[in-house]
Amino acid sequence: MSETQNLVIARHDARRAQARPTSRFERKQRIRGWITFAVMAIITALILTPIINIIVLSFQGGQTLSGETIWTFDNFTEIFTETPVFTYLTNSLMVTLGTTVFGVIIGAMAGYPLSRLRNRFARGYSLTLFVVQGLPVIVIVIPLFVVFASLGLADSLTGVAIIFIAGSMAVTCWMMASYYDSIPFELEEAAWVDGASVFGAFVRIVLRNSYPGILSAAIFSFLVAWNDYLVAVVFLRSEDNFTLPIGLQYFFQQNSTDWGPVMAMSVVMLLPPVIIFAALNRYFSIGGVGGAIK
């Protein structure tokens, strides 16, 4: 039999194999896959519906006499020309970036003993973090205001940033400690044998393999500071120090609300977290340290 005939027979067999009806198990798996896809699509649509409504309403300027909706940028023009939105945005970014940087540094260093130590001090330290994190903000915000007022930090972005750092530190410590647990301790021992100090091994081995954990802690700290309203409205008194959440409330009048500028300001608040997460999303990969030990 020639090579050409063998090739024709092989192609014919392949077509017959593809034309065979799938088994009952394969059909069930396919149906489950489609059901899962439909459920996830519905959940995603429900989650995104409020955000889509915010974006749509921010571009609406009312209706004509015939009932047609007017699409315009006037809402954005109004907030950027008639309100100090740039000041609010700058203050929010300053507080949020300061909270993120210092919160991650403290959490990364404080989470290391939680991961590596197994003694009473570490357990008591972890329990203290749990108790502090469990306290409602409304319970401690007034005593903190009294203390910060005596220190001259009541109406300052620095004072608000300090509270945000303290508020996010417990969770960032747990997040970093959990990620450190996935890094084999033998890697640090190998670095010590090569002459590295404890701090040197921590920086060169542990931190270098903890980028996804660091980014997760950074995004958590960022969102805590960016979305906070209660602490900011209690501590900040002058308009020059207002953040975006406080600036947003001034569009709500006693008897009416101008929803167009409110939605435009909401879009401005949505953009920085979305942009940052989209830029850092590709770095959220699991560190490949499992095969480093031989």
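Every value quoted in this text rests on a predicted model; they were computed, and no experiment measured them.

With that settled, consider the overall build of the protein. For the protein, the helix and strand inventory stands at 13 helices and two strands. Across the 294 residues of the protein, 33% fall into the buried class. A separation threshold of at least 6 residues defines the contact pool for the protein, and within that pool the share at least 24 residues apart is 71%. Within the structure as shown, the protein displays about 18,800 Å² of accessible surface, and the carbon and sulfur contribution to it stands at 66%.

Right, let's get into the packing of helix H4 (residues 85-116) against helix H5 (residues 120-134). Packed helices, taken two at a time, are described by the angle their axes make and the gap between the axes. H5 packs onto H4 with a crossing angle of 130 degrees between their chain directions and a minimal axis gap of 9 Å. The angle between H4 and H5 falls in the class oblique. Here H4 runs over H5; the crossing is left-handed. On H5, the residues touching Ala-110, Pro-113 and Leu-114 of H4 are Ala-122, Tyr-125, Ser-126 and Leu-129.

Tallied over the full model, the rule gives 13 aromatic pairs. An aromatic cluster is present here, built from Tyr-112, Tyr-180, Phe-199 and Phe-202 joined pairwise through their rings.

With that out of the way, let us pick up the environment of Thr-81. Tracing the backbone shows Thr-81 in helix H3 (residues 74-82). What makes Thr-81 exposed here is its relative accessible area of 58%.

Next up on the list: a positive patch on the surface. There is a patch of like positive charges on the surface, built from Arg-24, Arg-27, Lys-28 and Arg-32. Take Arg-27: it is sitting in helix H2 (residues 24-58). Looking at Arg-27, the relative accessible area reads 41%, which means it is partly exposed.

Moving on: the nonpolar core. Judged by nonpolar contacts, the single largest core of 32 residues is most densely connected at Val-160, Phe-235, Leu-236, Leu-244 and Met-265. No other element matches helix H13 (residues 259-280), which puts six residues into this core. Sequence-distant contacts of Leu-236, defined by excluding residues within four places in its chain, comprise Ala-154, Asp-155, Ser-156, Leu-157, Val-160, Asn-241, Phe-242, Thr-243 and Ile-246.

We now examine a nonpolar patch on the surface. On the surface, a nonpolar cluster with roughly 1,100 Å² of combined accessible area is contributed by Ile-31, Ile-35, Val-39, Met-40, Ile-43, Ile-47, Leu-48, Ile-51, Ile-52, Ile-55, Val-56 and Trp-71. A per-element tally of the nonpolar patch places H2 first, with eleven residues. As for its position among the elements, Trp-71 is in strand S2 (residues 69-71). Trp-71 sits in the exposed class, given a relative accessible area of 54%.

This paragraph deals with the environment of Ala-161. Tracing the backbone shows Ala-161 in helix H7 (residues 157-181). Once residues within four sequence positions are removed from consideration, Ala-161 is found in contact with Val-95 and Thr-99.

Looking now at the side chain of Thr-100. Structurally, the position occupied by Thr-100 is in helix H4. According to the relative accessible area criterion, Thr-100 is buried, its value standing at 13%. Contacts of Thr-100, omitting those with residues within four sequence positions, involve Ala-218, Ser-221 and Phe-222.

Now for helix H10 (residues 211-227). Helix length check: H10 (17 residues) gives 24 Å between terminal C-alpha atoms against 24 Å at 1.5 Å per residue, within 8%. Three or more residues of H10 are buried, namely Pro-212, Gly-213, Leu-215, Ala-217, Ala-218, Ile-219, Ser-221, Phe-222, Ala-225 and Trp-226. On its buried face, H10 is in contact with H4, H7, helix H12 (244-249) and H13.

Next up on the list: the packing of H4 against helix H9 (residues 198-206). The geometry of H4 relative to H9 is characterised by a closest axis approach of 12 Å and an angle of 100 degrees between their N-to-C directions. With respect to each other, H4 and H9 are oriented roughly perpendicular. Across from Ala-108, Met-109, Tyr-112 and Arg-116 in H4, the residues of H9 making contact are Phe-199, Phe-202 and Val-206.

When pLDDT is averaged along the protein, the result is 79, and 84% of the positions lie at 70 or above. For the protein, per-element mean pLDDT is lowest for helix H1 (residues 3-19), which scores 54, and highest for H4, which scores 88.

Analysis parameters
Residues numbered from 1 in each chain as written. Predicted model: local features only at pLDDT ≥ 70, side-chain atom pairs only at ≥ 80, totals over all residues. Heavy atoms only, no water. Helix = DSSP H or I, 4+ residues; strand = E, 2+ residues; numbered from the N terminus. Buried < 20%, exposed > 50% of the residue type's maximum accessible area, 1.4 Å probe, protein only. Contact = heavy atoms within 4.5 Å. Areas by Shrake-Rupley, 256 points an atom, 1.4 Å probe, with all protein chains shown as cover. Axes fitted to C-alpha atoms, helices over the stretch in contact; angles between N-to-C directions. Parallel < 35°, antiparallel > 145°, perpendicular 65-115°, else oblique. Left-handed = near helix turned anticlockwise from the far one by under 90°. Phe/Tyr/Trp six-rings, centres within 6.5 Å; stacked < 30°, edge-to-face > 60°. Patch = residues over 30% accessible without salt bridge, like charges linked within 9 Å, V, L, I, M, F, W, Y side chains within 5 Å. Salt bridge = Lys/Arg side-chain N within 4 Å of Asp/Glu carboxyl O. Lys, Arg positive; Asp, Glu negative; His and termini not counted. Charge placed at Lys NZ, Arg CZ, Asp CG, Glu CD. Core = buried A, V, L, I, M, F, W, Y, C linked by side-chain atoms within 4.5 Å. Expected span 1.5 Å × (residues − 1). pLDDT = per-residue confidence, 0-100.

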